[in-house]
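Listed below are the residues making up each chain.
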There are 2 protein chains.
Amino acid sequence: MIFPPTTLALSGERFLVHYQIRAADEADALARARGVCLEQTVETPDALLADDDIRGQVVGRIESLRAQGDGRFDAVISYAIETTALELTQLLNVMFGNTAMQQGIRVLHLDLPESLLAHFPGPRFGQPGLRALLDVPHRPLLGTALKPVGLSAGDLADLAHAIALGGVDIIKEDHGFTNQPFAPFAERVQRCANAVNRANAQTGYRCIYAPNVTAPADEILQRAHLAKAAGARAVMIAPGLTGWDAVRLLREDESLALPILSHPALLGTYVASPEQGIAHHVIFGQLPRLAGADATIFVNYGGRFPFTQADCQGIVAGASLPMGAYPAIFPMPGGGMTLERLPDMHAFYGDNVIFLVAGGLYANGPDLQENARQFRELAGSFRP
Amino acid sequence: MIFPPTTLALSGERFLVHYQIRAADEADALARARGVCLEQTVETPDALLADDDIRGQVVGRIESLRAQGDGRFDAVISYAIETTALELTQLLNVMFGNTAMQQGIRVLHLDLPESLLAHFPGPRFGQPGLRALLDVPHRPLLGTALKPVGLSAGDLADLAHAIALGGVDIIKEDHGFTNQPFAPFAERVQRCANAVNRANAQTGYRCIYAPNVTAPADEILQRAHLAKAAGARAVMIAPGLTGWDAVRLLREDESLALPILSHPALLGTYVASPEQGIAHHVIFGQLPRLAGADATIFVNYGGRFPFTQADCQGIVAGASLPMGAYPAIFPMPGGGMTLERLPDMHAFYGDNVIFLVAGGLYANGPDLQENARQFRELAGSFRP
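*Asks:* Before we go on, may I ask you to explain the overall build of chain A in this structure?
*Replies:* When you go through chain A residue by residue, the secondary structure sums to 15 helices and 13 strands. Taking 384 residues into account, the globule formula puts the C-alpha radius of gyration at 21 Å, and chain A, at 23 Å, falls close to it. Its C-alpha atoms give chain A principal-axis dimensions of about 75 × 40 × 35 Å. Across the 384 residues of chain A, 65% fall into the buried class. Within chain A, the 39 negative side-chain charges are centred at a point lying 6 Å from the centre of the 29 positive side-chain charges.

What follows is the structure in structure tokens.
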């Protein structure tokens, strides 16, 4: 035996990953699930392992395997929490690192024990905290986006001013704004924050401007602090571009302490096939929340992207189902929404949602402030 | 017009992204390609744009659109290099950020002008630099992995010692090793580096130990420097877990200056469907090289993963085709390889490859040092 037998002093605490596995039959499904147990931990054939604590505790363990019809099986596999080293990067790796290269295996759900969740801070604000910041206790929140990339900082600030005067709650930037020469980050964020805060002073509203701090790895925190110093009251980041742990880093910065919006850029491929990748529920629901985001931006059903109602329901569940002591976070569906869609969106999402109407707000009529006012009026008309 | 007309002073330099688009017919393909041009830049309907430099220069431009049969079209779209803000995160975003949420669109190839490439450092060592470090001018390089997760630092060091004595060139860690309690990073890396360097002193070989520095965002550089101080002579990182820009960060650190191996964890979903995501060529070839890795680890055809020969050829092309002043980087195929596969791998990859034989090295026979010796003997038998 090449590997020496090993005795480990592990806690016995385990976390669960629910996988959907395509297989020819039950025996094949079992073999594939066993393959996942090894691949996601020791990356070593079972025959090479000693009959020790590595095989008994480190290797993933099949907790259940159920046929779902159509050649699909649901496998629940548990892993020792120690395999994650209590790192978000490594938790994602144990969940799906190498198995992402296999065909027909999809992550459906994470079930993380309090003993693991407690090592990650979770959302700082969540739904209740964001509502308190905005002083909007019940109704759906109103979100829009500054656009298009190419405008100057001054022109963008003018747009932000009009939108804030009209009464939108959250003005995020398009995720394509970073530090382009036509609207450099520092100047843009200062001008836009000033414009929104000036509008707030006039209206009495508490509109939040959320600049995009998706940036090179060594500039993310710096931009977030620059944003805060400029008077921005939230930030947006795209973990598909920066890595998920950058969200956690922003969340844990006690001197920053701003709400975080998570943007889906480059994550779409994980949900593009129903047989592979990571379910909407996990990647746009559970993961942003685990990483510490307060709202999760995604594309709504019936817009210009192919997400379905079931996909969106899964995201809402991930954003709000019990998850240790974490608060629920806001789903923020957008991607081709218009004011006409709001009643339908309200019927579907209820009050605990941020309506993200961006292009549709600009297209609604020639007066942007008036468009924003109509947006607010419509949202105010929804009775809880 | 809500958006003011804008005049921009752009360089006129553009980069190209080759997309595969599924469409019903040529008109549909053109409409989808136009959608990409807007989605990846201004995220605004064309009807809302002024007839200005935003529409003319910032919005992506279709350079060609060709039917490939079977409802597939190849679209080459160009973007102003200024849209990337010269940031790797934003370059990836312009390439595919929101479009990753569409069905049936895949990134096939990047064509980046020198004016853009020059802003990223590219590989520090590449093939020639890594060969010089190892003093192996011609033959294929030999790589293996330390495993399994669960062993103690001391036991892992014993394995590394035996492998290095046998003459393997590069010993990377399994990417599941981070900072687990059973083999904490600092202790493990110190012991393994010592073991490999002790073996080198005995053999005269220059075996390189490459610990995994995939870690929380604020610990990556720290671990890499700890590794260097311990005597490790390369590092491995998984950009699917950390974000791609973490590779660039390691590369640009002049006081680190170690070779970087890029690991494919969590990137598999991008290649899981031939109709979506990002082609092998790009995600395992061009991107690691652009980010500054010196070798790209992926799974070989005919192992325990479903990559094909064409997939692997695409990766080799991405790792070695002309790309500004960047050196070629090493393809490092593994994932179920054995010593028996080496002649076939050599016929396929030629000399400029790192054979990654990991589980197969341990399984080859009861004496690990002898297994490593046989590995070296086999590789030495290949005549250029």
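*Asks:* When you look at the packing of aromatic side chains in this model, what are you seeing that I'm missing?
*Replies:* Aromatic ring pairs are reported here in terms of the distance separating the ring centres and the angle at which the planes meet. Residue and element names in this part refer to chain A. In this structure the tally under the stated criterion is 15 aromatic pairs over all chains. Measuring from centroid to centroid gives 5.9 Å for Phe-284 and Phe-307, while their planes differ by 40°, and the two rings are tilted. Of this pair, Phe-284 sits in helix H11 (residues 280-291) while Phe-307 sits in the loop between strand S11 (295-299) and helix H12 (309-320), and the two are 23 residues apart along the sequence. In this structure Phe-284 comes out as buried when scored by relative accessible area, which is 1%. By relative accessible area, which is 5% here, Phe-307 ends up buried. Taken together, the ring pairs connect Phe-298, Tyr-301, Phe-348 and Tyr-349 into an aromatic cluster. The positively charged end of Arg-223 is found above the aromatic ring belonging to Phe-185, 5.5 Å away from the centroid.

*Asks:* For this particular structure, what's the right way to read the sheet that holds strand S2 (residues 61-69) of chain B?
*Replies:* Residue and element names in this part refer to chain B. Read across the open sheet, the five strands follow the order S2-S3-S1-S4-S10; overall the sheet is mixed. Of all strands in the sheet, those bounded by a partner on one side alone are S2 and strand S10 (277-278). Both strand S1 (residues 14-22) and strand S4 (residues 105-111) contribute to a ladder of six bridges, which runs antiparallel. Within S4, the residue paired with Tyr-19 across the bridge is Val-107. The strands that helix H3 (residues 88-96) touches are S1, strand S3 (72-80), S4 and S10; relative to S1, the one it contacts most, it runs at about 40°. Contacts from helix H11 (residues 280-291) reach S4 and S10, with the element oriented near 35° to S4.

*Asks:* When you look at the interface of chain A and chain B in this model, what are you seeing that I'm missing?
*Replies:* The extent of an interface is frequently quoted as the accessible surface area lost upon association of the parts. Each partner contributes to the interface: chain A provides 81 residues, whereas chain B provides 81 residues. Carbon and sulfur atoms supply 63% of the area buried between chain A and chain B, which totals about 7000 Å² over both sides. The three residues of chain A that bury the most area against chain B are Ile-2, Met-101 and Leu-266 of chain A, which together make up 11% of that side's buried surface. Our count for the chain A to chain B interface comes out at six salt bridges. Of the charged contacts in the structure, one is a salt bridge between Glu-87 of chain B and Arg-223 of chain A, with a shortest N-O distance of 2.6 Å. Every element with two or more residues in the side of chain A that touches chain B is listed here: helix H2 (53-58), helix H3 (88-96), helix H6 (153-166), helix H9 (239-242), helix H10 (245-252), strand S10 (277-278), helix H14 (359-362) and helix H15 (368-380) of chain A. Of the residues forming the side of chain A that touches chain B, the biggest block, five residues, is contributed by H3 of chain A.

What counts, and where the lines are drawn
In this convention, every chain numbers its residues from 1, walking through the sequence in written order. Labels are handed out in written order, letters beginning with A for the chains and numbers beginning with 1 for the ligands. In view of the model being predicted, local features appear only for residues whose pLDDT reaches at least 70, and side-chain atom pairs are presented and counted only at 80 or more, with totals across whole chains, interfaces and linings using the full set of residues. Based on all heavy atoms of the structure, the side-chain values leave hydrogens and waters out of the count. Helix numbering and strand numbering both begin at the N terminus, where a helix is a DSSP run of H or I of at least 4 residues and a strand a DSSP run of E of at least 2. In this description the radius of gyration comes from C-alpha coordinates, and the expected globular size is given by 2.2 Å times residues to the power 0.38. Only protein chains enter the area calculation, which uses a 1.4 Å probe; residues under 20% of their type maximum are buried, those over 50% are exposed, and those in between are partly exposed. His is not counted, nor are the chain ends; Lys and Arg add positive charge and Asp and Glu add negative charge. Every charge is mapped to an atom, namely NZ of Lys, CZ of Arg, CG of Asp or CD of Glu. Between 30 and 60 degrees the pair is tilted, below 30 it is stacked and above 60 it is edge-to-face, where a pair is any two Phe, Tyr or Trp rings, Trp via its six-membered ring, whose centres lie within 6.5 Å. Distance and angle both matter: a charge sits over a ring if NZ of Lys or CZ of Arg is within 6 Å of the ring centre and within 35 degrees of the ring normal. When DSSP finds two or more bridges between a pair of strands, those strands are recorded as paired. Contacts are residue-level and defined by heavy atoms, with any inter-residue pair within 4.5 Å sufficient. To get an axis, a line is fitted to the C-alpha atoms, and for a helix only the part in contact is used. The angle between two axes follows their N-to-C directions and goes from 0 to 180 degrees. Take the accessible area each of two parts loses on contact, using a 1.4 Å probe, and add the two losses: that sum is the buried area. What counts as a salt bridge is simple: a side-chain nitrogen of Lys or Arg found within 4 Å of a carboxyl oxygen of Asp or Glu.

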